[in-house]
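For reference, the chains in residue letters:
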Amino acid sequence: MNQERKGSILVLLGPPGGGKGTQAARLAKDLGWVHLSTGDVLREEVRRGTELGRQVRQIMETGELVSDDILGRIVLDRLAHLDKPGCILDGYPRNLDQAQFLEKAKGDRRLVVVSVEVPEETIVKRLTGRRFCPRCGTVYNVCFSPPQVQDFCDQCGVRLERREDDREDVVRERLRVYRESTLPVVQFYADRPYFRRVDGDGNPEEVYGRLKEAVETLVQ
Ligand code: AP5
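A brief look at the structure comes next. (Residues numbered from 1 in each chain as written. Predicted model: local features only at pLDDT ≥ 70, side-chain atom pairs only at ≥ 80, totals over all residues. Heavy atoms only, no water.)

A word on the sheet that holds strand β1 (residues 8–13)
Here is step 1: Pairing is parallel in the open sheet, where five strands are placed in the order β2-β3-β1-β4-β7. For this open sheet the edge positions go to β2 (34–37) and β7 (195–199), each flanked by a neighbour on one side alone. Within the sheet, the average angular offset between the axes of one strand and its neighbour, ignoring direction, is 20 degrees.
Here is step 2: Relative to β7, strand β4 (residues 110–117) is paired through five bridges, and the arrangement is parallel. When the sheet's bridge partners are listed, Glu117 is paired in β7 with Asp199.
Here is step 3: In the packing of helix α1 (residues 20–31) onto the sheet, the strands contacted are β1, β2 and β3 (86–90), and the crossing angle to β3 comes to about 170 degrees. (Pairing = 2+ DSSP bridges. Helix = DSSP H or I, 4+ residues; strand = E, 2+ residues; numbered from the N terminus. Axes fitted to C-alpha atoms, helices over the stretch in contact; angles between N-to-C directions. Contact = heavy atoms within 4.5 Å.)

Here's the deal with the site of the ligand
Here is step 1: Near the ligand you find 36 residues, and of these Thr22, Glu64, Arg130, Arg174 and Gly202 are the closest.
Here is step 2: A distance of 3.1 Å is found between an oxygen atom of the ligand and a backbone nitrogen or oxygen belonging to Gly18.
Here is step 3: One of the side-chain nitrogen or oxygen atoms of Asn141 is found 3.1 Å away from an oxygen atom of the ligand.
Here is step 4: For the ligand, whose accessible area on its own is 1000 Å², the fraction buried by protein is 95%.
Here is step 5: Sorting the residues of the shell around the ligand by element identifies α1, α2 (38–48), α6 (120–128), β6 (139–141) and α8 (204–219) as the ones contributing at least two each.
Here is step 6: In terms of residues, the shell around the ligand owes the most to one element, α2, which gives four residues.
Here is step 7: For the shell around the ligand, a count of residues per class yields 14 nonpolar, 13 polar and nine charged. (Near = heavy atom within 4 Å. Polar contact = N/O pair within 3.5 Å; in protein donor to acceptor, adjacent residues only side chain to side chain. Areas by Shrake-Rupley, 256 points an atom, 1.4 Å probe, with all protein chains shown as cover. Nonpolar A, V, L, I, M, F, W, Y, C, P; charged D, E, K, R; others polar.)

Pasting the structure below:
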């Protein structure tokens with residue numbers, strides 16, 4: 001492993017619908033870092049109909065976790081090709097084995113961890129109302145951030161779509177998987193000096209302010 005310091009990795013933990021993607025996209029832009037959403041990488045494989053996409057499609061549609069081997073390969077590959085001073089990991093690690101894997105895969109990079117915390121009732125509302133533009137990827141919410149014209153993207157005018165795993169029954173399964181597999185990851189990091197909790201309830205602007213402040217104290 002190359003021992004030269006190569007920058008920082010921010011692990012953004014939080015429940016499905018906790019706002020990780022929304023906040024990570026903005027933070028990555030502000031910091032000039034890479035935003036690596038493992039969910040987005042997998043969905044792109046599904047959309048392109050690749051061999052990997054065919055393997056993971058059904059698992060994702062039912063809200064279960066894709067295998068650690070597949071995720072490990074994705075994360076290693078992306079970290080090996082980082083061309084920015086830092087990377088925000090959105091959606092990884094999701095269980096204790098992945099957290100252990102990351103300890104080695106990070107090499108000499110500094111690791112900081114933030115858990116964005118949101119009550120479950122809020123999450124169900126956020127996810128069942130989420131829509132996205134299949135062309136530019138902009139994310140909307142029918143309750144909290146609707147497009148100007150119902151069902152159509154403000155930027156592209158394309159009809160918005162809904163993720164297969166945002167049906168209420170699947171959302172509840174994803175929350176169960178989060179409690180079972182990912183909350184132990186929050187515990188794994190909880191007493192480390194490079195860990196912070198952020199209240200993710202509130203409007204995106206408020207949450208962003210809290211997140212930015214927490215990250216600044218960790219990476220200064
Ligand atoms: P992934 O894509 O990572 O899904 P997730 O973790 O369930 O998270 P979401 O993308 O649903 O939510 P988010 O926290 O990013 O919230 P967002 O900002 O979009 O994973 C999908 C699947 O891939 C997994 O189920 C699994 O199968 C597989 N997978 C991925 N990584 C894996 C791994 N490491 N191991 C194994 N399998 C893996 O916001 C949600 C909605 O709320 C939006 O509509 C948004 O506009 C709205 N919103 C956001 N913030 C606010 C706010 N403050 N107020 C009001 N509305 C808000």
